[in-house]
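One-letter residues, chain by chain:
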Amino acid sequence: MSFFFGGRSNKTFKPKKNIAEGTHQYDLMKHAAATLGSGNLRLAVQLPEGEDLNEWVAVNTVDFFNQINMLYGTITEFCTEDTCPVMSAGPKYEYHWADGQTVKKPIKCSAPKYIDYLMTWAQDQLDDETTFPSKIGVPFPKNFSQIAKTILKRLFRVYAHIYHQHFHEVVKLREEAHLNTSFKHFIFFVQEFSLIDRRELAPLQELIDSPHRQRTTTAGAAGPPARLRPAGSPWRPAGTQWILPATDGLRSGGSYGGG
Ligand SMILES: [Zn+2]
């Protein structure tokens, strides 16, 4: 397993996962891109008429993997063994890596190491033709939805880490509109098909529940929805209202082992 190959100037953390041109999934991906362009994310995430749900989830999961790959790629230089010795999402959430297959006993490791494990694992799933068949007529496995849910649940943790630990750096790089749009799309998608348990979303619940997040700021095309205080950061964007994460209902000091 190699870390950060491709160099820091390359904004892709892991090799981009491509959907082959000429396949039905490629058409679906094009459809998704076109409807996203309409600006109505709620509508854009809906299953297109007559399409197979597994195929739709597969195409979008690949897309989210690529988006997160690129977003995390922009901040890898700030996410190091020193800055992030544990994989956290704010002070209340810490994750230990286990994939349930080759790594069963959760490993406590730094965020860059955890994210490298996570993205490598996800990539392996996406590249596996028996799990993510790309050819027409090849059926999805019976447990496909479970696999997709696990991938999405884990990908969420990268967003959570970026928002809590690196949001100020994302803003410095002027990537916040990109991050916010990507995350909103991700949340709308997982909500549309109930793909992630609410308790898994707790580290960013405040952000997710915020109904006015597009109106709390004047900065950025999509408007930073991040009303969470980036952990340990005094930085506060102009026009953004801080709302401290609620303490009730949150798992205090909890750590999710793999899962
Ligand atoms: Zn980090």
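Residues numbered from 1 in each chain as written. Predicted model: local features only at pLDDT ≥ 70, side-chain atom pairs only at ≥ 80, totals over all residues. Heavy atoms only, no water.

Undergrad: Summarise the packing of helix H5 (residues 144–172) against helix H6 (residues 176–192); cite the residues concerned and give the values.
TA: Where H5 contacts H6, the two axes come as close as 11 Å, and the packing angle between them is 155°. One element, H5, and the other, H6, form an angle in the roughly antiparallel class. In this structure, the crossing between H5 and H6 has a hand that is left-handed. Only Glu176, Leu179, Asn180, Ser182, Phe183, Phe186 and Val190 of H6 make contact with H5, whose side of the interface consists of Leu152, Leu155, Phe156, Tyr159, Ile162, Tyr163, Phe167, Val170 and Val171. Of the residues belonging to the contact of H5 with H6, the class tally is 13 nonpolar, two polar and one charged. (Axes fitted to C-alpha atoms, helices over the stretch in contact; angles between N-to-C directions. Helix = DSSP H or I, 4+ residues; strand = E, 2+ residues; numbered from the N terminus. Parallel < 35°, antiparallel > 145°, perpendicular 65-115°, else oblique. Left-handed = near helix turned anticlockwise from the far one by under 90°. Contact = heavy atoms within 4.5 Å. Nonpolar A, V, L, I, M, F, W, Y, C, P; charged D, E, K, R; others polar.)

Undergrad: Give me the packing of aromatic side chains: which residues, what numbers.
TA: Overall, the coordinates contain 14 aromatic pairs when judged by the stated rule. Between Phe156 and Phe183, the aromatic rings sit 6.3 Å apart at their centres with planes inclined by 40°, giving tilted as the arrangement. One end of the pair, Phe156, is in helix H5; the other, Phe183, is in helix H6, with 27 residues separating them in the sequence. The pair Phe156 / Phe183 is uniform in exposure class, with both members buried. A ring pair is formed by Tyr159 and Phe186, whose centres lie 5.0 Å apart and whose planes are at 55°; its orientation type is tilted. With a gap of 27 residues between them, Tyr159 in helix H5 and Phe186 in helix H6 connect regions that are remote in the sequence. For the pair Tyr159 and Phe186, a shared accessibility class is recorded, and that class is buried. (Phe/Tyr/Trp six-rings, centres within 6.5 Å; stacked < 30°, edge-to-face > 60°. Buried < 20%, exposed > 50% of the residue type's maximum accessible area, 1.4 Å probe, protein only.)

Undergrad: Provide a residue-level description of the UniProt feature "binding site: Zn(2+)" (unreviewed entry) in the protein, including the pertinent values.
TA: Sequence positions flagged by UniProt for "binding site: Zn(2+)" (unreviewed entry) are, in local numbering, Cys79, Cys84, His161 and His166. Despite a sequence span of 88 residues, these residues sit close together in the fold, their greatest C-alpha distance being 10.0 Å. Overall, Cys79 belongs to the buried group, its relative accessible area being 0%. By secondary structure assignment, the location of Cys84 is in the loop between helix H3 (53–75) and strand S1 (87–88). (UniProt positions renumbered as here; feature names shortened; annotations may be inferred.)

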